[in-house]
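Architecture at a glance
Okay, here's what each chain looks like letter by letter:
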Amino acid sequence: MATTLNAAVSLASSQSSSFPATSCAIAPERIRFTKGAFYYKSNNVVTGKRGVSVRAEVTTDTPTPVKKVEKVSKKNEEGVITNRYKPKEPYTGKVLLNTKITADDAPGETWHMLFSHEGEIPYREGQSVGVIADGIDKNGKPHKVRLYSIASSALGDLGNSETVSLCVKRLVYTNDAGEEVKGVCSNFLCDLKPGSPVKLTGPVGKEMLMPKDPNATVIMLATGTGIAPFRSFLWKMFFEKHDDYKFNGLAWLFLGVPTTSSLLYQEEFDKMKAKAPENFRVDYAISREQANEKGEKMYIQTRMAEYAPELWELLKKDNTFVYMCGLKGMEKGIDDIMVSLAAKDGIDWFDYKKQLKKAEQWNVEVY
């Protein structure tokens, strides 16, 4: 609120001289109030027979309030629910299915598991749930919650909105002392039997929510179990029917794994490709078995480099959305590709990526 002080100032003297009233703006802190009069203090005015009398009038101007423009998200986040169940009060679900989905000769085990939640954890594609392993830690306290990207659509694998699926790799490694160490939560999950209870929290997260636009180009970059949120996307796009959503855009998946025996959900993706060849593309990067023309191992960024000009053209469009999930190291490799491509158009890639992030078109969840 702005305040304006308008004053009429006249100079009085003992010689009955008069001067016309002069309007001026006076800072409020220079006004001194005394009984029955206002006085303006100035170093150039001597009080006594001659003084300055001030008639002051205060007016208040109320500026028109600036209407705040609410940002409209490009993602499917309207009505999304988060943190319905928290670590101190988790939901106890039940294991319906737990099956290994990598071959026996794969370097490591990955399991697909299905839990019932009876509609109590209403999640969206791209969100995560927390799991609290049974037992206590070395300090005698309950294990901390571990977050996992959801691998099923909002309808769930059974289509009744009452289940949630995870894709979990069993963590086993050897420490510096030569001892075998097992990840607490991943091993707990991979060892669960049908009918077992499991404590769940969430759902959480908005970073990886799907775009609203059914005509969007959705580029999905995954390593290993980072495929989880994209399986949820693709089920909604190609395996389900919705009254308010029919995907007509392009879904392009890049999946990086070490061996063919480590490929996840390949049969499902083959069916999607057969069903919608114009709308779904999938490219695998199998690092221990494939190489590019230069003889370099085929990591996800190496595979993407084969399509670099096409990808760059897509990234210039405002309805292209990139999602990245998996090992943190993949991000730098992808940046390395884009830097040179953007430079050809006189664009600084990192500045451009910031713009994409702000526009919700560059979404990253790595670990």
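Figured I'd write up the structure that's included with this text.

About the thresholds
- Residues numbered from 1 in each chain as written.
- Predicted model: local features only at pLDDT ≥ 70, side-chain atom pairs only at ≥ 80, totals over all residues.
- Heavy atoms only, no water.
- 1 Å grid on protein atoms, 1.4 Å probe; cavity = no way out; pocket = protein on both sides within 12 Å on 5 of 7 lines; lining within 4 Å.
- Points joined across faces, edges and corners; volume = space filled by probe spheres on them.
- Helix = DSSP H or I, 4+ residues; strand = E, 2+ residues; numbered from the N terminus.
- Axes fitted to C-alpha atoms, helices over the stretch in contact; angles between N-to-C directions.
- Left-handed = near helix turned anticlockwise from the far one by under 90°.
- Contact = heavy atoms within 4.5 Å.
- Nonpolar A, V, L, I, M, F, W, Y, C, P; charged D, E, K, R; others polar.
- Pairing = 2+ DSSP bridges.
- Core = buried A, V, L, I, M, F, W, Y, C linked by side-chain atoms within 4.5 Å.
- Buried < 20%, exposed > 50% of the residue type's maximum accessible area, 1.4 Å probe, protein only.

1. So, empty space enclosed by the protein
The full count for this structure, using the stated rule, is 1 cavity of 30 Å³ or more. The calculated volume of the largest cavity comes to roughly 40 Å³. Looking at the largest cavity, the residues that line it are Ile219, Leu221, Met304, Leu311, Leu315, Val322, Met338 and Trp362. Elements with a minimum of two residues in the lining of the largest cavity: strand 14 (217-223) and helix 5 (308-315).

2. Things to note about the packing of helix 2 (residues 228-239) against helix 3 (residues 266-275)
For any two helices packed against each other, one specifies the crossing angle of their axes together with the interaxial distance. Contact pair helix 2 / helix 3: the axes reach a minimum separation of 11 Å and the direction vectors enclose 35°. For helix 2 against helix 3, the interelement crossing comes out left-handed. Along the contact surface, helix 2 presents Arg231, Leu234, Trp235, Phe238 and Phe239, while helix 3 presents Glu268, Phe269, Lys271, Met272 and Lys275. For the contact of helix 2 with helix 3, the class distribution of residues is 6 nonpolar, no polar and 4 charged.

3. Here we look at the pairing of strand 6 (residues 91-100)
Bridge analysis of strand 6 against strand 13 (residues 197-204) gives 4 bridges, and the strand direction is antiparallel. Looking at strand 13, one finds that Tyr91 is bridged to Leu200. Across 6 bridges, the pairing between strand 6 and strand 7 (residues 110-116) is antiparallel. Residue Lys94 lies in a different strand from strand 7, and its bridge partner there is Ser116.

4. Examining the nonpolar core
Counting residues in each nonpolar core, the largest one holds 34 residues, and the members touching the most others are Ile227, Phe230, Leu234, Met237, Phe238 and Phe269. When residues of this core are traced back to their parent elements, those giving at least two are strand 14, helix 2, strand 15 (250-257), helix 3, strand 16 (280-286) and strand 17 (320-326). Those residues within four positions of Phe269 in sequence are excluded, and the remaining contacts are Ile227, Leu234, Leu253, Leu264, Phe280 and Tyr284. If you look at the next biggest cluster of nonpolar residues, it comprises 25 residues, including Leu250, Met324, Met330 and Ile337.

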